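What follows is the residue order along each chain.
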Amino acid sequence: MPKMLSKVLKSLVSRPATVRYPYVKPEAVAGTRGKITFDMKKCDLCQDCERVCPSLAIKVFPNEKRIEYSPFRCLYCHLCVESCMQMAIIPDVVVRAPEFEKVIDIFEIERR
Amino acid sequence: MQEILTDKANMFTELDKLRNENARFLTITVLDLGAQLDVIYHFERGRDVINLKIKTGKEEPLPSITGVYSAAFIAENEAQDLFKLKISDLNVDYGGRMLKVESASATTLLKPVVGECPPIMRFFGRCREKCPAMVNVPKYVRQIALGDPEGAYNTVIEQAPLPAILGRVCFAPCEEGCRQDKNDKPLQNRLLKRYAADALSSLKRDVKRMEPTGKKVAVVGGGPSGITAAFYLGMLGHSVTVYEKMERGGGAMFAFIPKYRLPRDILEAEVMARFEEAGVKLETGVEITSLDMLFKKGFDAIYVGTGAWKGVRLMIEGEDSPCVLDCVDFLFAVNVHNERPKLGDRVAVIGGGNGAVDAARMAKRLGSKDVTIFYRRSREEMPATPEQVQAAMEEGVSLWFLRSPVKIIPGKPLKVIFQNMRMGEPDESGRHRFVPIEGSEFVVEVDTLIKAIGQAVEVPKDFGLRVDKAGRIVVNEETYETNVQGVWAGGDAMTGPTSVIDCIKDGRIAASAIDKYLSGRGLPQPSIDLGELVCKPSKSPEILERTPVPARVLPIAERIESFNEVELGFNKEEATKEANRCWRCDWNE
Amino acid sequence: MNESTVVNVNTVIPFGPQHPVLPEPVQLRFKFEGERIVDVIPNIGYVHRAVERACELNDYKRNVTLCERICGICNFMHAMAYCESIEMITDTEVPERAKYLRTIWSELGRLQSHLLWLGLFVDSIGFESLFMHLWRDREIVLRLNEKTAGHRIHLSTCAIGGVKKDMDEKLIAEYRSSLAELKKRIDNLAPVFVKDKGVQARLVGKGVLPKNKASLFGAVGPTVRGSGIPQDMRTLGYGAYSYLDFKPVVYDMEDAYSRMLVRIGEIYQSIDLINRALNQMPNGPILQKNAVFPRGTAITRVEQPRGELFYYVAGNGTNKLERCRIRTPTLANIPALVTILIGHEVADIPPILLSIDPCVACTER
């Protein structure tokens, strides 16, 4: 009891241990599994990412040259980033911001 | 792990034995094996796991073990829920509603288990899809990487029976399909195929034909499509005879493709090896004029693969002057009759296909100093393989684009009047037309003019086959059967001049159809091999940056001195290194 | 009605599934006689997700990701048990460095889990400020996780045949300094648990599990190690434990207090094991892929923070499994829980319930 009392008094007068998010952003650690984007200039529609995704969040349509990615089904496990041989999936350390309704991101290859 | 097999009657004696040895109860596993269920009770005794296995039918009641091990009630209730078992005498029984799900069918583990399945895990690989004959490219590249050239050779022969030849002359659509082509570093599959053939000590394999069926098939024409059809039909057990007009087998490979691209000993060795394996008889120097005569001789089916040999005319004035050669006659003279015609110093070649490039390089080797290829369209529209064009330029051949001849004035030297062309409007299919520019004529003096604008098909009228406007044989699209019963056709004679691999595709399809007609089962379709486990290479910076192994060629100075082979192929280390670059697109990790 | 009839009336009160003290939904129906518990009927199944069925639909390599996400707190051990089963079936040899790395990350997961549990445990007694201090110290472990693999909880680095990520010298130095810091902080806080009279009054003598009955009920983990039985799956020697000279932590007071002491002892033991493994780790490759599809059966048992995890995997030679049976430790502890609650009063329910460390997400799969 006396030990805890000294701790409680100490923490009364010292600064809180928490970070005042969202006014102060915590430092980003390199290698954190954040959101992903698809670089369609490098993608060659091989469907490797679709086959490796554990939650079926990526749908590739090779005939229509389009990728549909659902950020709400995604687990942010980055298995697709590891499996893409053309390095067309770009990982980021920032987590995706919340939205009001469920969206699906559509990435298309530009037609020449 | 120790397993004890027992049944419902003796279950409790075993349980009491385990209880006396102070075994600890672990859990219960239920497996659905179709007709019956396997119920396994797991116990731990000391440090080992003991399994007690009981087989029971579905919907049969099972006695509970909570009398002996009272802690088993949770596992038994779960088995009741998931497998619709009925367990009697449970001490705490939830009645099949322990797992609070809306409908029991949503979580049941009884087979077949239904649900949203992940997409298909295997496909052919883009390289294999681009090959007209569906050669199993990823598989033979893997076999070369593992050091098995014999396996690679056999894999190619399943779909295309001439790997040593294809490794030298194929235009390799598989390399355009390779995913690494996006970074301009496609895998050099053609040279790998050549290595697999070169690494063997003898091209003849030790394989067995199927049982003789007693049927006889005649193949008219000994070109690539005829050789393919003869090989597959022979391996299926039929007795095949190939009739070839020239004095050697090979067709266009023998007559058109020059010796520095395809040495004649390799061509001969491979074709003879295939014929020996399949028990095919080759009769050279025989020209067939009537198909009915073949039927009368006792043949049950005929395959016509006579090819495309007639030269196409330019349709301009002065075409028949002396010193104007057709490419077909020129190549024939050099390759078949081994002549060395004197072409003079200045040679002009009209055309942009592989025939034109071959004629130009041949002219260089025959001593002409100034060889020029004139093509009426631009470089991108040129149908010749880019590697051939590059090789021609290295050997000193000049290329003039957007020029077309209008008139030839005979004499010594020949005067040829050319006209400049320009790119016009695209037509409905998107290709540009090329229109002449008025008033832009100019004169070129040459010693020899070689026409190389294509070949036309000419089938003897006595065969009785239906042909279209261009003279090509008309066939059923799926089985390649002609209008005459018992006669199939394929290759250049059906499609017009194409490449070796396209003719091989035709030969195989026709062979399968002929076998079915002769009450056989046909050849197997190209399939995906599900039994093999293939791991993708791990994505290190090394594999992403690996540059293609450079293909060795003869130095330029040595090339035009002789007709020796220009490409030198891979040796074992180069082939292994190149094959390890493959990304193995046919299997997900 | 006079006093005696009121006291002897039986009441049945449902405790849960939603309750401020419970971390996860489980329902216990208590039969009271006055204030004393007479009988307990557990009711589980609120978060059943049919994971075993999903394991049969998926490709056997995707199951690693699926099994890892059965539970949040004890995730690495699920992935490791699954990978070890497949390695046993396909005869794949895991490289030495991979074994050490797996051990280190398992122990990190155990640290994180015990710190979380300690915080919740004292919060259920009412000691909220200690809860806050412990969860702040848990952040050190979560930051280490993030630097290693990218996520604070799900490491996702276990793969069939080894691990996917490696540790370099800078990271190892950071591990050592962070763990030293953590040890200092736990040294500050541990005497409060062990010696404080208020905590002792709430915990000593409550939830007694006698030694001769513990094994019979099938209890596992610290529940049983607090009753004097040295049962720990790490003595089987999977991973790198056979090189690290491991002995289980055992106390024999048989009540909730001794279970808490077991877990605090395990925190110190984990820090020590990680330091020793970091010193002994050899260099070498970290992944060896399997050469065949799985055909056969295998049983693996792994020690989770809560007890013994049991995996039975049966493969049939294709890329889909025949059966994957998972038995988690809380499922084995529930019959023991039912017995040790009898005879206590209402206010003792939260500490006793939390002293077996229920992780219901694992239980329901």
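Summarised in this report is the structure supplied together with it. (Residues numbered from 1 in each chain as written. Chains lettered and ligands numbered in written order. Predicted model: local features only at pLDDT ≥ 70, side-chain atom pairs only at ≥ 80, totals over all residues. Heavy atoms only, no water.)

1. With respect to the overall build of chain C
Inference 1: For chain C, the helix and strand inventory stands at 14 helices and eight strands.
Inference 2: At 21 Å, chain C has a C-alpha radius of gyration in line with the 21 Å of a compact globule built from 365 residues.
Inference 3: Across its three principal directions, the C-alpha atoms of chain C cover 80 × 45 × 35 Å.
Inference 4: Looking at chain C as a whole, 64% of its 365 residues qualify as buried.
Inference 5: Residue pairs in contact within chain C that sit at least 24 positions apart in sequence constitute 70% of those at least 6 positions apart. (Helix = DSSP H or I, 4+ residues; strand = E, 2+ residues; numbered from the N terminus. Rg over C-alpha atoms; globule rule 2.2 N^0.38 Å. Buried < 20%, exposed > 50% of the residue type's maximum accessible area, 1.4 Å probe, protein only. Contact = heavy atoms within 4.5 Å.)

2. Some thoughts on the overall build of chain A
Inference 1: Within chain A, the regular secondary structure consists of three helices and five strands.
Inference 2: Secondary structure elements of chain A occur, N-terminal to C-terminal, as α-β-α-β-β-α-β-β.
Inference 3: Compactness check: chain A gives a C-alpha radius of gyration of 21 Å against a globular reference of 13 Å for 112 residues, more than 25% above the reference.
Inference 4: The C-alpha extent of chain A, read off along each of the three principal axes, is 75 × 25 × 20 Å.
Inference 5: Out of the 112 residues in chain A, the part that is buried amounts to 41%.

3. Focus: the interface of chain A and chain B
Accessible area lost when the parts come together is the quantity often used to give the size of an interface.
Inference 1: Across the contact, 18 residues belong to chain A and 17 residues belong to chain B.
Inference 2: With both chains or domains summed, chain A and chain B bury close to 1,600 Å², and 51% of this area falls on carbon and sulfur atoms.
Inference 3: Across the chain A-chain B interface, the total number found is two salt bridges.
Inference 4: Put simply, B:Arg179 and A:Asp44 hold a salt bridge, and the shortest N to O gap is 2.9 Å.
Inference 5: Taken together, the links from chain A to chain B amount to four residue pairs in polar contact (both at pLDDT 80 or more).
Inference 6: Those elements that place two or more of their residues in the side of chain A that touches chain B are helix 2 (48–52) and helix 3 (79–83) of chain A.
Inference 7: If one sorts the elements of the side of chain A that touches chain B by residue count, helix 2 of chain A sits on top with four residues.
Inference 8: Each residue belonging to the side of chain A that touches chain B can be placed in one class, and the counts come to nine nonpolar, one polar and eight charged. (Buried area = accessible area lost by both parts, 1.4 Å probe. Salt bridge = Lys/Arg side-chain N within 4 Å of Asp/Glu carboxyl O. Polar contact = N/O pair within 3.5 Å; in protein donor to acceptor, adjacent residues only side chain to side chain. Nonpolar A, V, L, I, M, F, W, Y, C, P; charged D, E, K, R; others polar.)

4. Some points on the sheet that holds strand 10 (residues 301–304) of chain B
Note: strands within a sheet are paired through backbone hydrogen bonds, in either parallel or antiparallel orientation.
Residue and element names in this part refer to chain B.
Inference 1: Spatial strand order, 9-8-7-10-22: five strands in an open sheet with parallel pairing. Whereas interior strands pair on both sides, the edge strands pair on one side only; in this sheet they are strand 9 (281–284) and strand 22 (487–489). The average angle at which neighbouring strand axes cross in this sheet is 20°, direction not considered.
Inference 2: Bridge count between strand 7 (residues 216–220) and strand 8 (residues 239–244): five bridges; the pairing is parallel. (Pairing = 2+ DSSP bridges. Axes fitted to C-alpha atoms, helices over the stretch in contact; angles between N-to-C directions.)

5. Thoughts on the packing of aromatic side chains
Inference 1: Following the criterion strictly, the structure yields 24 aromatic pairs over all chains and no others.
Inference 2: Ring centres of C:Phe15 and C:Phe30 lie 5.9 Å apart, and the angle between their planes is 70°; on these two criteria the pair is classed as edge-to-face. Of the two residues, C:Phe15 is situated in strand 1 (residues 10–15) and C:Phe30 in strand 2 (residues 27–33); the sequence distance between them amounts to 15 residues.
Inference 3: Through pairs of rings, three or more aromatic residues link up here, namely B:Phe374, B:Trp400, B:Phe418 and B:Phe442. (Phe/Tyr/Trp six-rings, centres within 6.5 Å; stacked < 30°, edge-to-face > 60°.)

6. Some thoughts on the sheet that holds strand 4 (residues 48–57) of chain B
Residue and element names in this part refer to chain B.
Inference 1: Reading across from one edge, 1-4-3-2 is the order of the four strands in this open sheet, with mixed pairing throughout. The open sheet has two edge strands, strand 1 (2–5) and strand 2 (24–32), and neither has a second partner. Sheet twist, expressed as the mean angle between neighbouring strand axes with direction ignored, is 25°.
Inference 2: As defined by bridge partners, strand 1 adjoins strand 4 across four bridges and the pair is classed as parallel.

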